[in-house]
Amino acid sequence: MLFYFCKCIACLPLRWVHRLGAGLGTLSYWLDGKSNRIALGNIEQSRLTENRDQARQLMKRSRIEAGKALLETFFIWGQTGDKLLPLIHEVHGWEAVTQAQREGKGLIFLTPHMGCFEITSVYYGAHHPITVLYRPPKLQALSNLVVSGRQKGQVTMAPANASGVRKLLQALKSGQAVGILPDQIPRSGEGVWADFFAKPAYTMGLASKLASKSDAVVVMAFGERLAEGKGFNIHLTRVADIHTPALLNQAIERQIAQCPAQYLWQYNRFKQRRYAMHKLEQQSAATPSSAAPSSSRPGDTPDQQG
């Protein structure tokens, strides 16, 4: 059923998809108080707004953008790559890709839950091979939809398991690119606690390990959603260092600060899962009491660009 829904959505112009998505986001804003509270709390924690009124305004805008993001995902899954490429108007920072290729290095693309992260792999996959990590849904039919919807051009999907990680390493060692959602809450044993906007969040360790093992070039990728369904601009920013989860979170913070309205603030990065809390207790026990907790802000360090 979702397959046919994607095909139906894909028949609409993008401006109508975004209008419907904005309506869905507005409806969710009025009906889903729990997500509003999570989003507002995350925004206030970020300190990207000066007061609570500004935080509320940003929260409402982000909920509307989240509605657009949901429907545009189905739109992209239902479209062919050649019809999606004309929707991309500008690409900033492509020199990071050409520089990595000159150096014979692999590329790690980090795409947080921000803007249209689906469009970034579509664009890159139209030019070069890229292997994208994904967490398979429990329903096989939905998993098939995710894979078929994302595998366009030279995009290959890798499940978030041991075999998938091997595929990522093989791609990097071959000088190819991989794509990762860096702000997704990892499963048990796959993450560590690190500050995200000055509050501990269970953070994936995979991206940092891949960067350390492969010496790949790390690039933050953001598909900016343009107003009135006009399409997308892609922004690529080279990141100097993500060898620890703390540095990874700082890079994500700087990315979010560029366009906070298009970040998925309702995503609960600070959710205290039982297995993650056990990990936090272990980390706390291993940390000397005299060590001060780390704190990061988007403006604390300059953007690390190549």
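Relevant structure appears above.
Residues numbered from 1 in each chain as written. Predicted model: local features only at pLDDT ≥ 70, side-chain atom pairs only at ≥ 80, totals over all residues. Heavy atoms only, no water.

## Thoughts on the overall build of the protein
This is how it is decided: For the purposes of this entry, the term helix denotes a DSSP run of H or I that reaches at least four residues, the term strand denotes a run of E that reaches at least two, and both are numbered from the N terminus. The cut-offs for exposure are 20% and 50% of the maximum accessible area for each residue type, with area from a 1.4 Å probe on protein chains only; residues under the lower value are buried, those over the upper are exposed, and the others partly exposed. Here a residue-residue contact requires only that any non-hydrogen atoms of the pair lie within 4.5 Å. Only the protein chains shown count as cover for residues, with accessible areas throughout obtained via the Shrake-Rupley method and a probe of 1.4 Å.
Broken down by element type, the protein carries twelve helices and nine strands. Within the protein, the proportion of its 306 residues that are buried is 50%. Taking the contacts inside the protein whose residues are at least 6 apart along the sequence as the reference set, 77% of them involve residues at least 24 apart. Put simply, the protein shows about 14900 Å² of open surface, and 53% of that area lies on carbon and sulfur atoms.

## So, the sheet that holds strand S3 (residues 130-134)
Note the cut-off: At least two bridges found by DSSP between two strands are what make those strands a pair. Axis angles are defined between N-to-C directions and span 0 to 180 degrees, where every axis is a line fitted to C-alpha atoms and, for a helix, only to the segment in contact.
The seven strands are arranged S1-S9-S8-S2-S5-S3-S4 in an open sheet whose pairing can be described as mixed. The open sheet terminates on both sides in strands that have one partner only, identified here as strand S1 (88-92) and strand S4 (155-159). Geometrically, the sheet is characterised by an average inter-axis angle of 25° between neighbouring strands, direction not taken into account. In the sheet, strand S2 (residues 107-110) pairs with strand S5 (residues 177-180) via four bridges, with the strands oriented parallel. By the bridge assignment, Leu 110 is partnered in S5 with Ile 180. In this fold helix H9 (residues 162-173) packs onto S2, S3, S4 and S5, with an angle of close to 140° to the strand it touches most, S4.

## A look at empty space enclosed by the protein
So the rule is basically this: Of the grid points, spaced at 1 Å and generated over the protein atoms alone, those admitting a 1.4 Å probe that cannot get out make up cavities, while open sets with protein on both sides within 12 Å along at least five of seven lines make up pockets; any residue with an atom within 4 Å of a point is treated as lining. Grid points are joined across faces, edges and corners, and a volume is the space filled by probe spheres set on the points. When residues are grouped by polarity, Ala, Val, Leu, Ile, Met, Phe, Trp, Tyr, Cys and Pro land in nonpolar, Asp, Glu, Lys and Arg in charged, and all others, Gly among them, in polar.
The full count for this structure, using the stated rule, is two cavities of 30 Å³ or more. A volume near 40 Å³ is recorded for the second largest cavity. Around the second largest cavity sit Asn 42, Phe 196, Phe 197, Tyr 263, Trp 265, Tyr 267, Arg 269 and Phe 270, which together line it. In terms of residue class, the lining of the second largest cavity is made up of six nonpolar, one polar and one charged.

## Considerations on a nonpolar patch on the surface
For the record, the criterion: Like-charged residues are merged into a patch within 9 Å and nonpolar side chains (Val, Leu, Ile, Met, Phe, Trp, Tyr) within 5 Å, provided each residue has over 30% relative accessible area and no salt bridge. Definition used for salt bridges: Asp or Glu carboxyl oxygen within 4 Å of a side-chain nitrogen of Lys or Arg.
Residues Leu 12, Trp 16 and Leu 20 make up a contiguous nonpolar surface patch of roughly 270 Å² in combined accessible area. With respect to the helices and strands, the residue Leu 20 is situated in helix H2 (residues 14-31).

## Notes on unusual backbone geometry
Positive phi, normally seen in glycine, also occurs at Phe 197, with a value near 55°. With respect to the helices and strands, Phe 197 occurs in the loop between strand S6 (191-196) and strand S7 (199-204). Its identity is not glycine, yet Glu 228 carries a phi of approximately 60°, on the positive side. Here Glu 228 lies in the loop between strand S8 (217-225) and strand S9 (232-239). Residue classification places Glu 228 among the exposed residues on the basis of a relative accessible area of 64%.

## A short note on H9
The cut-off we apply is this: An expected span of 1.5 Å times one less than the residue number is assigned to each helix. This arc is taken over the directions from the axis of the helix to the C-beta atoms.
Taking 1.5 Å of rise per residue, the twelve residues of H9 would be expected to cover 16 Å, and the 17 Å separating its terminal C-alpha atoms lies within 8% of that figure. When H9 is considered as a whole, its buried residues turn out to be Gly 164, Leu 168, Leu 169, Ala 171 and Leu 172. Down the axis of H9, the buried side of the element spans an arc of 160°, and every buried residue falls inside it. Opposite the packed face of H9, turned more than 90 degrees from it, sit the exposed residues Ala 162, Gln 170 and Lys 173. In this structure, the buried side of H9 is in contact with S2, S3, S4, S5 and helix H10 (206-214). Count one or two residues on from H9 and you reach Gly 175, which has phi positive near 80°.

## Description of the packing of aromatic side chains
For clarity, the cut-off: Planes of paired rings set the category: under 30 degrees apart is stacked, over 60 is edge-to-face and the rest tilted, where pairs are Phe, Tyr or Trp rings (Trp by its six-membered ring) whose centres lie within 6.5 Å. Sitting over a ring, as applied to charges here, requires NZ of Lys or CZ of Arg to be within 6 Å of the ring centre and within 35 degrees of the ring normal.
The full count for this structure, using the stated rule, is twelve aromatic pairs. When the ring of Phe 196 is compared with that of Phe 270, the centres are 6.0 Å apart and the planes differ by 40°; the resulting orientation is tilted. Of this pair, Phe 196 sits in strand S6 while Phe 270 sits in the loop between helix H11 (245-258) and helix H12 (274-286), and the two are 74 residues apart along the sequence. An aromatic cluster is present here, built from Phe 196, Phe 197, Tyr 263, Trp 265 and Phe 270 joined pairwise through their rings. We note Arg 269 situated over the ring of Phe 196; from NZ or CZ to the ring centre the distance is 4.5 Å.

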